[in-house]
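Remarks on the overall topology
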Amino acid sequence: MIGSIVMEAIKTVTECARSGEPSACAKSLIAATDAIYAPLKPVDSGLGEARRIASLLAGIVANSFLLAAAQKEDSEAFLKEVAKSLEEIKEAKEPIDEAKALLERAGAGLFAPAASREARETLYSDIKNYVEPPQPPIPRRRRAPRRPDPSQTLRRLLRELGRRDPILAKQVSQMLRELGLL
């Protein structure tokens, strides 16, 4: 169930990254995190494991979005606008409306979308760190901060997911290969 939701979320955000406007992409990214957390919320015991898995999957969605957006010709300005739009809508307590449509396309319409603050924050921080790379703590020499590599981060997140759920990790990595992102 979660695999089909993640696949539909990745397809939606990569299509938006290739041919969408920044505010619509920000909404589809937040909708993806809300849809991913929907089947995990009922089993969240309060220890945070479901939120950690949702954050891990949100990181995979964010980095696949970054890889797809990097293929555009004016990706820098586009990603800055997406980060700005994300900052405005990530703090909402209620799930976004587009998450319900995403769940229905994934065949999981029986779940109600659920907002996870941690997953939204992971998604936002991955995109924000790509747009504005963090400064090194102690600058040894004068040089520009390095931008994180989304493909390297994506492989690391898939390895981590593989330790928790190898079948889901294999399913997601196959789908990313089909889309040409891995």
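Residues numbered from 1 in each chain as written. Predicted model: local features only at pLDDT ≥ 70, side-chain atom pairs only at ≥ 80, totals over all residues. Heavy atoms only, no water.

**Things to note about the packing of aromatic side chains**
We describe a pair of aromatic rings using the distance from one ring centre to the other and the angle between the two ring planes. According to the stated counting rule, one finds one aromatic pair in the structure shown. Judged by centre distance (6.3 Å) and plane angle (40 degrees), the ring pair of Phe65 and Phe78 falls under tilted. Pair noted here: Phe65 is in helix H3 (residues 49-69) and Phe78 is in helix H4 (residues 75-89), with a separation of 13 residues, a long-range link. Positioned above the aromatic ring of Phe78, the side-chain terminus of Lys72 is 3.8 Å from the ring centre. Note that Arg147 overlies the ring of Tyr130, its terminal NZ or CZ placed 4.6 Å from the centroid. (Phe/Tyr/Trp six-rings, centres within 6.5 Å; stacked < 30°, edge-to-face > 60°. Helix = DSSP H or I, 4+ residues; strand = E, 2+ residues; numbered from the N terminus. Lys NZ or Arg CZ within 6 Å of the ring centre and 35° of its normal.)

**Things to note about the pattern of salt bridges**
Going through the model one piece at a time under the given rule, you end up with 11 salt bridges. For Glu49, the salt bridge is made with Arg164, and the minimal N-O distance between the two is 2.6 Å. Residue Glu49 is located in helix H3, and its partner Arg164 is located in helix H7 (residues 150-164); the two are separated by 115 residues in the primary sequence. For Glu49, a relative accessible area of 35% gives the class partly exposed. Residue class for Arg164 comes out partly exposed when judged on its relative accessible area of 37%. The partner of Arg147 in a salt bridge is Glu76, with the nearest N and O atoms 3.0 Å apart. Of this pair, Arg147 sits in the loop between helix H6 (117-131) and H7 while Glu76 is found in helix H4, placing the two residues 71 residues apart along the sequence. (Salt bridge = Lys/Arg side-chain N within 4 Å of Asp/Glu carboxyl O. Buried < 20%, exposed > 50% of the residue type's maximum accessible area, 1.4 Å probe, protein only.)

**Regarding the nonpolar core**
By size, the foremost hydrophobic cluster in this structure holds 54 residues, and its most contacted members are Leu29, Ile60, Val61, Phe65, Leu86 and Ile127. Contributing elements (two or more residues each) for this core: helix H1 (2-19), helix H2 (22-37), H3, H4, helix H5 (98-105), H6, H7 and helix H8 (166-178). Tallying contributions element by element places H3 first for this core, with 10 residues. Once you skip the residues sitting within four places of it in the chain, Leu86 turns out to touch Ala26, Leu29, Ile30, Leu123, Tyr124 and Ile127. Counting residues in each nonpolar core, the second largest holds seven residues, with Tyr37, Ala50, Ala54 and Ala114 among its members. (Core = buried A, V, L, I, M, F, W, Y, C linked by side-chain atoms within 4.5 Å. Contact = heavy atoms within 4.5 Å.)

**A few points about the side chain of Asn63**
By the secondary structure assignment, Asn63 is in helix H3. One polar contact links Asn63 to Asp126, side chain to side chain, over a distance of 3.2 Å. Among all residues touching Asn63, those that are not within four sequence positions of it are Asp126, Pro150, Thr153, Leu154 and Leu157. (Polar contact = N/O pair within 3.5 Å; in protein donor to acceptor, adjacent residues only side chain to side chain.)

**Points about H4**
Helix length check: H4, at 15 residues, gives a terminal C-alpha distance of 21 Å against a target of 21 Å (1.5 Å per residue), a fit within 8%. Turning to H4, its buried residues number three or more, namely Ser75, Phe78, Leu79, Val82, Ala83, Ser85 and Leu86. Seen along its axis, H4 keeps its buried residues to an arc of 170 degrees; they face one direction. In this structure, H4 carries Lys84 and Glu88 as exposed residues pointing more than 90 degrees from its buried face. Each element contacted by the buried residues of H4 is listed here: H1, H2, H3 and H6. (Expected span 1.5 Å × (residues − 1). Arc of directions from axis to C-beta.)

This is a description of form; function is not addressed.
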